[in-house]
Amino acid sequence: MLVKPHSGPAPRRVLALADDLSGAAETAAALHLPGRIVLGPAATEPPAEGEALVLDLDSRQLTAEEAARTVREAVRDVVPGTVLIKKTDSLLRGNLAPEAAAYAQGADGLVIAPALPVAGRTVRDGVVHLHGIPLHATDAWRAETSPVPRSVAAALGDLRTASVPLAAVRAPRRDLTGRLHDLVAAGLRPVCDTETDADLDAITAAVLQLGPGIRLMGTGGLASALGRALGDADAPSRDSSPEGDRPLLIVVGTAEPIAVAQIAQLTEAGVCHIALPPDLLAEPGAALPLPVDPSGITVVSVDNSQGIRPGSARPVVAGLARSVAAVNRPADLVLTGGETARRVLDALGISRLRPVGQIHHGAVHCRTLDGRSVVTRPGSFGDTGSLLRIARALRPFHSFHPLARAVEFAASDSAPPVPAPAVPSSPVSSVPQGENQ
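Everything in this summary refers to the structure shown in the same document. (Residues numbered from 1 in each chain as written. Predicted model: local features only at pLDDT ≥ 70, side-chain atom pairs only at ≥ 80, totals over all residues. Heavy atoms only, no water.)

## Here we look at the layout of surface pockets
The condition that has to hold: Grid spacing is 1 Å over the protein atoms alone, the probe is 1.4 Å, and a cavity is where that probe fits but cannot get out, while a pocket is an open set with protein on both sides within 12 Å along at least five of seven lines and lining residues have an atom within 4 Å of a point. Grid points are joined across faces, edges and corners, and a volume is the space filled by probe spheres set on the points. Polarity classes work like this: nonpolar for Ala, Val, Leu, Ile, Met, Phe, Trp, Tyr, Cys and Pro, charged for Asp, Glu, Lys and Arg, and polar for all others, with Gly in that last group.
Reported here for the second largest pocket is a volume of approximately 380 Å³. Along its surface, the second largest pocket is lined by 18 residues, and A119, R121, H131, S380 and F381 are the ones closest to its centre. Residue composition of the lining of the second largest pocket, grouped by class: eight nonpolar, five polar and five charged.

Here it is as structure tokens:
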């Protein structure tokens, strides 16, 4: 469909789609609009004017057909004038091709910008680079079962695309808008090279100029650019809720190597650490007892010190979620990994979140309807001090005493035995990894 440049004020009603919960939270924080996160795939109400509705489709682990159907249903009854953005994984993981094809259906056009400069993820010549190295030359897909795509176009499968080089992105606004207009009018989906946030700002401004019928697809970096265009980046946090005396439970559900050092910093600061055996977690219906510190901080992870068994991630994460849900008192939560976050909140019956800010990039602080804090963070985000920084932000008055104590773990007669974790003698090598979810 031929589109004409849009000269009216930029609309502020935003619907954002994400394929996992940590991505949904990252997007909600980036948009800088009053908003809500709904654990979908369906939403009961469309976004209001001036609001961002971020819908977690929970489609990362679905089949291609199921994922495409979920996206089609999410955009089927969009209110006219709504700006649409689909958040994608910056490493091109998930059901990217079928979801993109479904998302493009019924739109005037689709513009794709999958870079995330803040995390060193850029696009040059249509190829995702990770800190300057082409994605297919890194080990970022080590936990995936399919081959890594060698370009964005390859990851999008049969979708008809056209590369927009960096020189065109950095051309005068009028020229970039005209180029995108011409490509969309020809039935192509522009894939934009991007190296900086300024590049994303230029792409976003051009798309908004073309009108709300042109849909955006990209990472949290593109959502941030949309937030800078439509939202209020200087708006103060809307959170004034006290933390109360709830325990803080940090659930590490990622096999990213850096998680080892992140847990080590917590244990060195005196935080109790519980490492749960993956074989027991994977048993159907298993819910292992967690001796959560009732007035302090506890970190729980999956003990993968013997290696990760291929195909074990989903049942292990499900068992981890059941174990967290079985804790006998409400807790504030820090959840790493989108799959882990979603399964834990599903097990707790939590389907709505209100974003209130970011502790650091990707570590998004939300509130539940009953006032509990939930911080979500992608497994690959954050430096070695990430989890300790999050814990200190949520518990600023907590006394962190280095190597204060180890957890004394005693399983009940009705639960499988779980070994008692000890404070590691070597901060990095002794702390087990979690699942890559």
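Still more to cover.
## A short note on the environment of A104
Quick reminder of the rule: Helix and strand assignments follow DSSP, with helices taken as H or I runs no shorter than four residues and strands as E runs no shorter than two, numbered in order from the N terminus. For every residue, the accessible area (1.4 Å probe, protein chains only) is compared with the maximum for its type, and the residue is labelled buried under 20%, exposed over 50%, or partly exposed between those bounds. Residue contacts are defined here by distance: any two heavy atoms, one from each residue, within 4.5 Å place the two residues in contact.
Tracing the backbone shows A104 in helix α3 (residues 96–104). By relative accessible area, which is 9% here, A104 ends up buried. In sequence terms A104 and R215 are 111 residues apart; their C-alpha atoms lie 7.7 Å from each other. Look past the residues within four positions of A104 in its chain and what remains in contact with it is L110, L159 and R189.

## Some points on the pairing of strand β1 (residues 14–18)
This is how the line gets drawn: By definition, two strands form a pair when at least two bridges between them are found by DSSP.
Buried residues dominate β1, accounting for five of its five residues. On β1, burial covers both faces: V14, A16 and A18 on one face and L15 and L17 on the other are all buried. Across four bridges, the pairing between β1 and strand β4 (residues 83–87) is parallel. Looking across to β4, one finds that L15 is bridged to L84. When β1 meets strand β3 (residues 52–56), the two strands line up parallel, connected through five bridges. The residue of β3 that forms the bridge with A18 is D56.

## Re the sheet that holds strand β6 (residues 121–124)
Adjacent strands of a sheet pair through backbone hydrogen bonds, lying either parallel or antiparallel. Reading across from one edge, β6-β7-β8 is the order of the three strands in this open sheet, with antiparallel pairing throughout. Strands at the two margins of the open sheet, each flanked by one partner only, are β6 and β8 (133–134). As paired strands, β6 and strand β7 (residues 127–130) are joined by four bridges and run antiparallel to one another. Residue pairing across strands places T122 opposite H129, the latter belonging to β7.

## A few points about empty space enclosed by the protein
Scanning the entire structure with this criterion turns up three cavities of 30 Å³ or more. Every residue lining the largest cavity is listed: D19, K86, T88, D89, R93, G94, N95, L96 and E99. Looking at side-chain class alone, the lining of the largest cavity contains one nonpolar, three polar and five charged residues.

## Considering the pattern of salt bridges
What counts is decided by this rule: Note on definitions: salt bridges are taken to be side-chain nitrogens of Lys or Arg within 4 Å of carboxyl oxygens of Asp or Glu.
With the rule as written, the count across this model stands at 23 salt bridges. Two residues, E195 and R124, come together in a salt bridge whose shortest N-O distance is 3.8 Å. Here E195 is found in the loop between β10 (189–192) and α7 (197–210), whereas its partner R124 is found in strand β6, with 71 residues between them in sequence. Across the salt bridge formed by D346 and R342, the nearest N and O atoms sit 3.0 Å from each other. Here the residue D346 and the residue R342 both occupy positions in helix α12 (residues 338–348), the gap between them amounting to four residues, near one helical turn. Its relative accessible area of 5% is what places R342 among the buried residues. Linked through salt bridges whose partners overlap, the residues forming this network are D56, D58, R314, E339, R342, R343 and D346.

## Focus on the side chain of T70
With respect to the element layout, T70 can be found in helix α2 (residues 64–74). By relative accessible area, T70 is classed as buried at 10%. Not counting chain neighbours up to four residues away, the residues in contact with T70 comprise P41, L57 and L62.

## A few points about helix α6 (residues 173–185)
To be explicit about the condition: Here the expected span of a helix is defined as 1.5 Å times the quantity of residues minus one.
The terminal C-alpha atoms of α6, which comprises 13 residues, lie 18 Å apart, in line with the 18 Å expected from a rise of 1.5 Å per residue. Turning to α6, its buried residues number three or more, namely L176, T177, L180, H181, L183 and V184. Considering only its buried residues, α6 is in contact with β5 (109–113), β9 (161–164), α5 (166–169), β10, α7 and β11 (214–218). Directly after α6, the chain includes G187, whose backbone phi takes a positive value near 85°.

## Observations regarding the pairing of strand β2 (residues 35–39)
In terms of residue burial, β2 counts as a mostly covered element, since five of its five residues are buried. Neither face of β2 is left uncovered, since the one carrying G35, I37 and L39 and the one carrying R36 and V38 both have all their residues buried. In this sheet, β3 lies alongside β2 in parallel orientation, the contact comprising five bridges. Across the sheet, the residue bridging to I37 is V54, located in β3. Pairing geometry for β2 and strand β16 (residues 352–360), over two bridges, is antiparallel. Of the residues in β16, the one forming a bridge with V38 is R352.

## Describing unusual backbone geometry
Backbone phi values are negative for most residues with the exception of glycine, while trans is the configuration of most peptide bonds. Within the chain, D58 stands out as a residue other than glycine whose phi angle is a positive 55°. Residues other than glycine seldom take positive phi values, yet D125 does so here, at roughly 55°. Counting through the fold element by element, D125 comes out in the loop between β6 and β7. You can call D125 exposed: its relative accessible area is 69%.

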